[in-house]
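Residue strings, one per chain:
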Amino acid sequence: MKKIAIACLSILITFTVTTAYSNISNENIVHATENDNSKPKINQFANLLDLSANPTEETNGVYETNKYNHFSDLGAWHGYYLPDKNNKKLLGGFAGPLIVAEEYPVNLSDSINRIKIKNNKTNESYDLSKSNYIDLSSYPGHLHQKYELDDFTLDLSLIFVSNRTALIKTNIENTSENNLELDVSWEGRIFDQVKDEDKNIKMGTSLKKKKNAIEVNFDKVREDSNYLSTDQVKYYISHDQDIKTDINKLNYNSKLTDPIKIKPNETYNTNTTETYTFTDDEFSKEKVKLTKFSKNTNHYFEKNKKRWQAYLDKTFDNDNVDKNPEYKNSTVKSMETLMTNWQSPAGAIKHDGIVPSMSYKWFMGMWGWDSWKADVALAKFNPELAKNNMRALFDYQISAKDDVRPQDKGAIIDAVFYNLDSSRGGDGINWNERNSKPPLAAWAVWNIYKETNDKEWLKEMYPKLMDYHKWWYTNRDHDGNGVAEYGSMVSDANYKKNDKGKTIKDKHGKPVLDDKAVIEAAAWESGMDNATRFDIEGSGKKDKGVKVLENKKDNETIGYSINQESVDLNAYLYSEKYFLKYMAKELGIEKDQKTLAKDSKKLKDYIQKNMYDDKTGFFYDLQINKDGTQKKLLVNRGKGTEGWIPLWASLATDEQAENVKDNMMDEEKFNTYMPFPTASKDNKKFSPDEYWRGPVWLDQALFGVEALQNYGYEKEATEQTKKLFNNAEGLMGNGPIHENYNSLNGKGISTKNFSWSAATYYLLYENNILDKDTTTHNSQ
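Residues numbered from 1 in each chain as written. Predicted model: local features only at pLDDT ≥ 70, side-chain atom pairs only at ≥ 80, totals over all residues. Heavy atoms only, no water.

As annotated in an unreviewed UniProt entry, the protein chain carries the name Alpha-glucosidase and is attributed to Mammaliicoccus lentus.

Undergrad: Give me the lowdown on the overall build of the protein chain, citing residues and values where you can.
TA: For the protein chain, the count of helices and strands is 17 helices and 37 strands. By the compact-globule yardstick of 28 Å for 780 residues, the protein chain fits well, its C-alpha radius of gyration being 28 Å. Dimensions of the protein chain, computed from the C-alpha atoms along their principal axes, are close to 95 × 65 × 50 Å. Here the protein chain holds 780 residues, and the buried ones make up 62% of them. In the protein chain, 67% of the contacts between residues at least 6 apart in sequence involve partners at least 24 apart. (Helix = DSSP H or I, 4+ residues; strand = E, 2+ residues; numbered from the N terminus. Rg over C-alpha atoms; globule rule 2.2 N^0.38 Å. Buried < 20%, exposed > 50% of the residue type's maximum accessible area, 1.4 Å probe, protein only. Contact = heavy atoms within 4.5 Å.)

Undergrad: An account of the UniProt feature "domain: Mannosylglycerate hydrolase MGH1-like glycoside hydrolase" (unreviewed entry) in the protein chain is requested, with residue identities and associated values reported.
TA: Mapped onto this structure's residue numbering, the UniProt feature "domain: Mannosylglycerate hydrolase MGH1-like glycoside hydrolase" (unreviewed entry) falls at residues 365-757. This span, residues 365-757, is 40% helix and 11% strand, and a straight line between its end C-alpha atoms measures 17 Å. (UniProt positions renumbered as here; feature names shortened; annotations may be inferred.)

Undergrad: I'd like a description of the packing of aromatic side chains, backed by residues and values.
TA: Scanning the entire structure with this criterion turns up 55 aromatic pairs. An angle of 85 degrees between the planes, with centres 5.1 Å apart, marks the rings of tyrosine 691 and tryptophan 697 as edge-to-face. Through successive ring pairs, a cluster of aromatic residues spans Tyr63, Tyr360, Phe363, Trp367, Trp369, Phe417, Tyr691, Trp692, Trp697, Phe754 and Trp756. Here lysine 350 stacks its cationic end above the ring of tyrosine 396, 4.9 Å away from the centre of that ring. Geometry around tryptophan 369 places lysine 373 over its ring, the cationic atom sitting 3.0 Å from the centre. (Phe/Tyr/Trp six-rings, centres within 6.5 Å; stacked < 30°, edge-to-face > 60°. Lys NZ or Arg CZ within 6 Å of the ring centre and 35° of its normal.)

Undergrad: Lay out the sheet that holds strand 8 (residues 142-148) with the relevant residues and their values.
TA: Across the sheet, eight strands lie side by side as 7-8-9-10-22-18-15-14; this open sheet has antiparallel pairing. Looking at strand neighbours, the two that pair on one side only are strand 7 (133-139) and strand 14 (206-210), the edges of this open sheet. The mean inter-strand angle of the sheet, taken between neighbouring strand axes irrespective of direction, is 15 degrees. Note: strand 9 (residues 152-160) against strand 10 (residues 165-174), nine bridges, orientation antiparallel. (Pairing = 2+ DSSP bridges. Axes fitted to C-alpha atoms, helices over the stretch in contact; angles between N-to-C directions.)

Undergrad: I'd like a rundown of the pattern of salt bridges, residues and numbers included.
TA: Should the charged atoms of two oppositely charged side chains come close, the side chains can pair. The tally for this structure, following the rule as stated, stands at 51 salt bridges. In this structure, glutamate 282 and arginine 164 form a salt bridge, with 3.1 Å as the shortest nitrogen-oxygen distance. Taken together, the positions of glutamate 282 in helix 2 (residues 280-287) and arginine 164 in the loop between strand 9 and strand 10 put the pair 118 residues apart, joining distant regions of the chain. Judged by relative accessible area, which is 19%, glutamate 282 ranks as buried. On the accessibility criterion, arginine 164 (5% relative accessible area) is buried. The shortest N-O distance in the salt bridge between aspartate 682 and lysine 639 comes to 3.8 Å. Taken together, the residues span a long stretch of sequence, with aspartate 682 in the loop between helix 14 (654-664) and strand 35 (696-697) and lysine 639 in the loop between strand 34 (631-633) and helix 13 (645-648) at a distance of 43 residues. Using a relative accessible area of 42% as the deciding quantity, one classes aspartate 682 as partly exposed. When salt bridges with common partners are traced through the structure, they connect Asp402, Arg405, Asp408, Arg424 and Glu433 into a single cluster. (Salt bridge = Lys/Arg side-chain N within 4 Å of Asp/Glu carboxyl O.)

Undergrad: Pulling in residues and values, what's your account of the environment of tyrosine 673?
TA: With respect to the helices and strands, the residue tyrosine 673 is situated in the loop between helix 14 and strand 35. The sequence separation of tyrosine 673 and asparagine 494 amounts to 179 residues, and the corresponding C-alpha distance is 40 Å.

Undergrad: Pulling in residues and values, what's your account of the UniProt feature "domain: Glucosidase YgjK N-terminal" (unreviewed entry) in the protein chain?
TA: In the numbering used here, UniProt assigns the "domain: Glucosidase YgjK N-terminal" (unreviewed entry) feature to residues 61-309. The straight-line gap between the two end C-alpha atoms of residues 61-309 is 34 Å; of that span, 11% is helix and 50% is strand.

Undergrad: Kindly report on the sheet that holds strand 29 (residues 556-562), identifying the contributing residues and their values.
TA: Read across the open sheet, the three strands follow the order 27-29-28; overall the sheet is antiparallel. Two strands lie at the open edges of the sheet, namely strand 27 (487-488) and strand 28 (548-553), each paired on one side alone. Where strand 27 lies against strand 29, two bridges are found, and the strand directions are antiparallel. What sits directly across from glycine 487, in strand 29, is serine 561.

Undergrad: Explain the environment of arginine 164 to me, and be specific about the residues and the numbers.
TA: Separated by 71 residues in the primary sequence, arginine 164 and tyrosine 235 place their C-alpha atoms 9.7 Å from one another. In this structure the side chain of arginine 164 is engaged in a polar contact, spanning 2.7 Å, whose partner is the side chain of serine 344. Here the side chain of arginine 164 touches proline 345 through a polar contact of 2.8 Å, landing on its backbone oxygen. (Polar contact = N/O pair within 3.5 Å; in protein donor to acceptor, adjacent residues only side chain to side chain.)

Undergrad: So, a negative patch on the surface: which residues are in play, and what are the values?
TA: Together, Asp614, Asp654, Glu655 and Glu658 make up a negatively charged patch on the protein surface. Under the relative-accessibility criterion, aspartate 614 is labelled exposed at 67%. (Patch = residues over 30% accessible without salt bridge, like charges linked within 9 Å, V, L, I, M, F, W, Y side chains within 5 Å. Areas by Shrake-Rupley, 256 points an atom, 1.4 Å probe, with all protein chains shown as cover. Lys, Arg positive; Asp, Glu negative; His and termini not counted. Charge placed at Lys NZ, Arg CZ, Asp CG, Glu CD.)

Undergrad: Just give me the short version of the packing of helix 5 (residues 328-340) against helix 6 (residues 368-381), but keep the residues and values in it.
TA: Relative orientation of the contacting elements helix 5 and helix 6 amounts to 110 degrees, with a least axis distance of 11 Å. The angle between helix 5 and helix 6 places the two elements in the roughly perpendicular class. Helix-helix and strand crossings are classified by hand; for helix 5 and helix 6 the assignment is left-handed. For the pair helix 5 and helix 6, the contacting residues are Met335, Leu338 and Met339 in the first and Ala374, Ala377, Leu378 and Phe381 in the second. Taken together, the residues of the contact of helix 5 with helix 6 break down into seven nonpolar, no polar and no charged. (Parallel < 35°, antiparallel > 145°, perpendicular 65-115°, else oblique. Left-handed = near helix turned anticlockwise from the far one by under 90°. Nonpolar A, V, L, I, M, F, W, Y, C, P; charged D, E, K, R; others polar.)

Undergrad: How would you explain the packing of helix 15 (residues 698-710) against helix 17 (residues 755-770) if you had to name every residue and give the values?
TA: As a packed pair, helix 15 and helix 17 sit with axes 8 Å apart at the nearest point and diverge in direction by 20 degrees. By the angle between their directions, the pair helix 15 and helix 17 is classed as roughly parallel. The two elements helix 15 and helix 17 meet at a crossing, and its hand is left-handed. Contact residues: helix 15 offers Leu698, Asp699, Leu702, Val705, Glu706 and Gln709, while helix 17 offers Trp756, Ser757, Thr760, Tyr761, Leu763, Leu764, Asn767 and Asn768.

Undergrad: Requested: an account of the pairing of strand 14, with residues and values cited.
TA: Sheet topology places strand 14 next to strand 15 (residues 213-217); five bridges connect them, and they run antiparallel. Paired with lysine 209 across the two strands is isoleucine 214, which belongs to strand 15.

Undergrad: Provide a residue-level description of the confidence of the model for the protein chain, including the pertinent values.
TA: Considering every residue of the protein chain, the mean pLDDT works out to 94; 95% of them sit at 70 or more. Below pLDDT 50 for its whole length, residues 1-36 participates in 52 contacts with residues either more than four positions away or in separate chains. (pLDDT = per-residue confidence, 0-100.)

Undergrad: Which residues make up the pairing of strand 3 (residues 95-101), and what are the values?
TA: A large share of strand 3 lies buried, amounting to seven of its seven residues. One ladder, built from three bridges, connects strand 2 (residues 78-83) with strand 3; its direction is antiparallel. Following the sheet pairing, tyrosine 81 is matched in strand 3 by alanine 95. The pairing of strand 3 with strand 4 (residues 104-107) spans four bridges and is classified as antiparallel.

Undergrad: I'd like a rundown of helix 14, residues and numbers included.
TA: Where helix 14 is concerned, the buried positions are Gln656, Ala657, Val660, Lys661, Asn663 and Met664. When helix 14 is viewed along its axis, its buried side chains cluster within an angular range of 155 degrees and face the same direction. Exposed residues pointing more than 90 degrees away from the buried face of helix 14 are listed as Asp654 and Glu655. Those residues of helix 14 hidden inside the fold are in contact with helix 12 (590-610), strand 31 (612-613), strand 32 (618-619), helix 13, helix 15 and helix 16 (714-726). (Arc of directions from axis to C-beta.)

Undergrad: Summarise unusual backbone geometry; cite the residues concerned and give the values.
TA: Here the residue pair glycine 96 and proline 97 is connected by a cis peptide bond, since its omega of 15 degrees sits within 30 degrees of zero. Position of proline 97 among the secondary structure elements: in strand 3. For serine 750, which is not glycine, the phi torsion reads 60 degrees and is therefore positive. Within the secondary structure, serine 750 sits in strand 37 (residues 748-752).

What follows is the structure, given as structure tokens:
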């Protein structure tokens, strides 16, 4: 009963706020087009995510995750909160901003630009907390505040107008019967330190007044894993009218040089831009745009409205939209989450893309399979962003002429960040070239093509995808049998170190390999970092455990594999062969079509015959020895989500698929309260909230639903889809979308506002709630 009551209350609150908002006639409010009720409109989706905040110098709370949810758009590297209604000091401004210090999100202020209004006749300063009515709301693409006082109504609206600048429109409408003469000013303060656990890091921030602007400057700070800035970074607040500014250390007050006079029923308007840039060149290019932004405010608000309405129109372009209306809000929340996690080119990042979560300290980069999962959803409503997100990873595809690792030609590295790795002349510690990620790139590219029919896109990506596909067989197929293993690249991180951090060398002067480091990288390469199948000690007497195999070419080490052919990896590779074959057909490359068809049949037969256990009715990894002559099916390590990837790839027999389905639908295995945990409930090492050892990861759940759909189990697929929506904590209310969920109670765990979870919910809505479709190929 408690859950039902909370859900009903959430719906009531949303309805009340939306109704109040839609009755406002002020021009800065975004409205649906009159007499057009064909599709859901922006103003129907108020406050899908709780953005209220009291920002402090300590941005992060539990799990190094931002204490609050924020709003951003257009790839900006900063964002905003709504002020906590109970904190009167924050009212009249958008709380924050949150800025990304190259790779680490931190709060710059609690409220950097709050409006203050004084009546010149009475000398009274208005207290916004005593307004007769206050509305603090978020909508797709914009934030809004409204304060109704006895004398006037104050409206504040914020949108992003570029990947560096936010635009705030301020309207003051005289609702009294008398002329008003008002002094209008803005005040704010900035933080000069970041509090990160037991560290206090000086940001070196300072304020400087410019003509009609306030400039925040930064010092050069290179604090590993906590905060990064240079003396070129700027945050710039620019007003469209003349102001006089006083600065007192970290505080400022900017006042309009002349009082404003408003007649009854008339409205005064002023506009402000807030810009965050990393380099002098970025700032100089952005600064020349600010006047245009402020002078053409209505144009930019209308443009923003049309863009977001187009996202909604594409999302809800289906005759079945009204059949399951309860899932609309969470779907729009998914879009909002993806757009907030959009990052534009900066530093080493050359193309727009989606980071896993702007809420988490360590996630301000782009990972391969994270990005590709986001792209399949983005393809539906923002395909150009999806294309660029693909490019952001392929910008760093290894070539044969690479200075660092030419032996890895074709590889896509694990993660790219603002700062290059030290091996490439940078000072980044998050950049990772130790491993790749599961091969889902061709899946993403094909899904983008299906939505766009852009053959030039295929021409651009096809050779790159082929190089990546081939790399798995040149560098991750230890015994050369056409079946790959997860592993690691040759990397300094894989060598043993002494107490001083220096690489230990053997008597021949060669670095000593650290097997544990290689196995860690292999687990990272799988994307399932601590899954039970990668436990070094293995499970049971006949299990040799996870061992490292050295891959060589011409007597030179070119990489490492672990001693197991993973079923998910090879199912993904099988699926890639199909997508690449589709592309080759579109591009008229007959030779590749024939080779891919031949190889896919061989791999399909191998997986069916060697990676499936008849007794348990499930697929597992296969342990191998150095020369591939001995193989052991790792049934003993228990069932995991990898076991249904062959169904997602449409390579299982009908009988195998039925048995896997039975395992998936068993309440003592995978059909938990929140379905499809990463380890089966009957696995001895099952833990419902321990990362990849029992929580529900939405990407694997998506693959599970599509696995069922591929073999005609539509009823089961829809049942599980609805459980994934209805049983996830906060999803159907105003809570954030989490990285993963406790499989036994649905509690959100790890970080929040997670991109691939959002992408999953979007795709489940589109392809299961609305239609019976999948993102996969179908070789049945």
